[in-house]
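If you want the building blocks of each chain, they are given just below.
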Amino acid sequence: MKIIHTGDWHIGKIVNQVYMTLDQEYILNWLVEFIKDERPDVLVIAGDVYDRAVPPVEAVELLDRFFSQVVLDLKVPVLVIAGNHDSPDRLGFGSGILEAKGLYIEGRLRKDIRKITLKDEHGPVNFFLVPYSTPAVVRDVFGRDDIHDHNSAMQAIIEAIYEIWDSDERNVLVTHGFVTGSEALELSESEKPLSFTASIGGVDNVDVNLFAEFSYTALGHLHGPQKVGSSRVRYAGSLLKYSFSEVTQKKSFTVVTLEADGTVNLDLKEISPRRDMRRIKGTLKELLNPSVYKESNVEDYLHVTLSDEGGLIEPMSRLRTVYPNVLALDFEIKERIAGEAKTAAGTGYKSKSKLELFRDFYCDITGKEFNSEKAAILAKVIGTVEAEERGL
Ligand SMILES: [Mn+2]
């Protein structure tokens, strides 16, 4: 069986005030053509389909058009789960109607884990759809008090799958979260901590060993395409580069061939975007010199670092006469003097969770200790707000 595994589309994403919808449309049009040629048995989208719980109209229309082309015209089934950016109910809306046509969307986790069985010439392949869920939701769904983090939540989910599966058949898990093994993973600024508890000593991660019995586990969440431990557990990576911390990543679609005996062969199909995301560095004069930029795509999304020492007049507008899509500009000198970006939130604020940011702010302003009691209260507030944002 041939599976195209992808995820983290973040349709409707805004990067430095620019809507990426046209870039996303470009790739999805390309994907339709690829599916036409490749004739996969199924397309799997492992969460974070939209960037926000309430996506812009253009994003919804784009996805709608894509699904119609793949499911109705090409008759290739599509399996979709919600990620932590999606609203479970909004994503799942109307999924009952579309199921008959081969579009399976699992927005909200259910006690009877969703099992979709597709067939190839060697027999059935079962896909278990496990949308992103907080430990609290999993605890509710299964009515189990022993679930306290993402790992114990996933353990309960896997146990529920074992009750309904046939271990002699080929079984594929589709889920979204932070799955780790013994090797370090490639992370980016796009992946924020999943839970507020992670910043008070808890952990978000799920042990990859939980997936040992599956022929393949199709993961979403991390934006860099990569395996976790063995190549049978993989992150597809995001559709596009969504932050400058991803500039060195090569985005791809994972074409998984599942053999009769359950072994997998992988083929990565590199994604060529309409506009790449890059960093460039030099003096303003150098960067505006045609011999410097003539070999490159000046339409790319750029983070420009200027190495000029003196003052410059309107560097951004001058850069944009050549590079219309400069998204960020900084100066090498200032950076060297200032060291790491410092704000009222202290150093490294970009990688801090909401709770940590508040803690730093609180301590800065009051000079008092932010004890565990205060942390617990605030964690609850943040949790409630985040749940509301996702429409839970
Ligand atoms: Mn995610």
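Higher on the page you've got the structure.
Residues numbered from 1 in each chain as written. Predicted model: local features only at pLDDT ≥ 70, side-chain atom pairs only at ≥ 80, totals over all residues.

Caption draft 1: Up close: the overall build of the protein chain. Helix and strand counts for the protein chain stand at twelve helices and 21 strands. Whereas a compact globule of 392 residues would reach a radius of gyration of roughly 21 Å, the protein chain reaches 23 Å, a difference of no more than 12%. Dimensions along the principal axes, computed over C-alpha positions, put the protein chain at roughly 70 × 55 × 40 Å. Taken over 392 residues, the protein chain has a buried fraction of 36%. For the protein chain, contacts bridging at least 24 residues in sequence account for 71% of all contacts bridging at least 6. (Helix = DSSP H or I, 4+ residues; strand = E, 2+ residues; numbered from the N terminus. Rg over C-alpha atoms; globule rule 2.2 N^0.38 Å. Buried ≥ 20, exposed ≤ 12 C-beta atoms within 10 Å, placed from the backbone. Contact = placed C-beta atoms within 7 Å.)

Caption draft 2: Looking closely at the packing of helix 1 (residues 21-38) against helix 2 (residues 57-73). Where helix 1 meets helix 2, the axes come as close as 10 Å, and the angle between the chain directions of the two elements is 5°. Here helix 1 is positioned roughly parallel relative to helix 2, judged by the angle of their axes. Judged by residue contacts, Thr 21, Gln 24, Glu 25, Leu 28, Val 32 and Ile 35 of helix 1 engage Glu 58, Ala 59, Leu 62, Phe 66, Gln 69 and Val 70 from helix 2. (Axes fitted to C-alpha atoms, helices over the stretch in contact; angles between N-to-C directions. Parallel < 35°, antiparallel > 145°, perpendicular 65-115°, else oblique.)

Caption draft 3: View of the sheet that holds strand 5 (residues 78-81). Read across the sheet, six strands follow the order 6-5-4-1-15-16 without closing on themselves; strand pairing throughout is mixed. Looking at the sheet topology across the chains shown, the edges are occupied by strand 6 (103-106) and strand 16 (264-270). Neighbour-to-neighbour, the strand axes of the sheet open up by a mean angle of 20°, direction not taken into account. Judged from the seven bridges that link them, strand 15 (residues 252-258) and strand 16 form a sheet pairing that is antiparallel. If you follow Thr 257 over to strand 16, its bridge partner there is Asn 265. (Pairing = 2+ DSSP bridges.)

Caption draft 4: Representation of the pairing of strand 1 (residues 2-6). With four of five residues buried, strand 1 is to be regarded as a mostly interior element. Direction of pairing for strand 1 relative to strand 15: antiparallel, over a ladder of four bridges. Bridging from a neighbouring strand, Lys 2 pairs with Thr 257 of strand 15. In this structure, strand 1 lies alongside strand 4 (residues 42-45), joined through four bridges in parallel fashion. The partner of Ile 4 across the bridge, within strand 4, is Leu 43.

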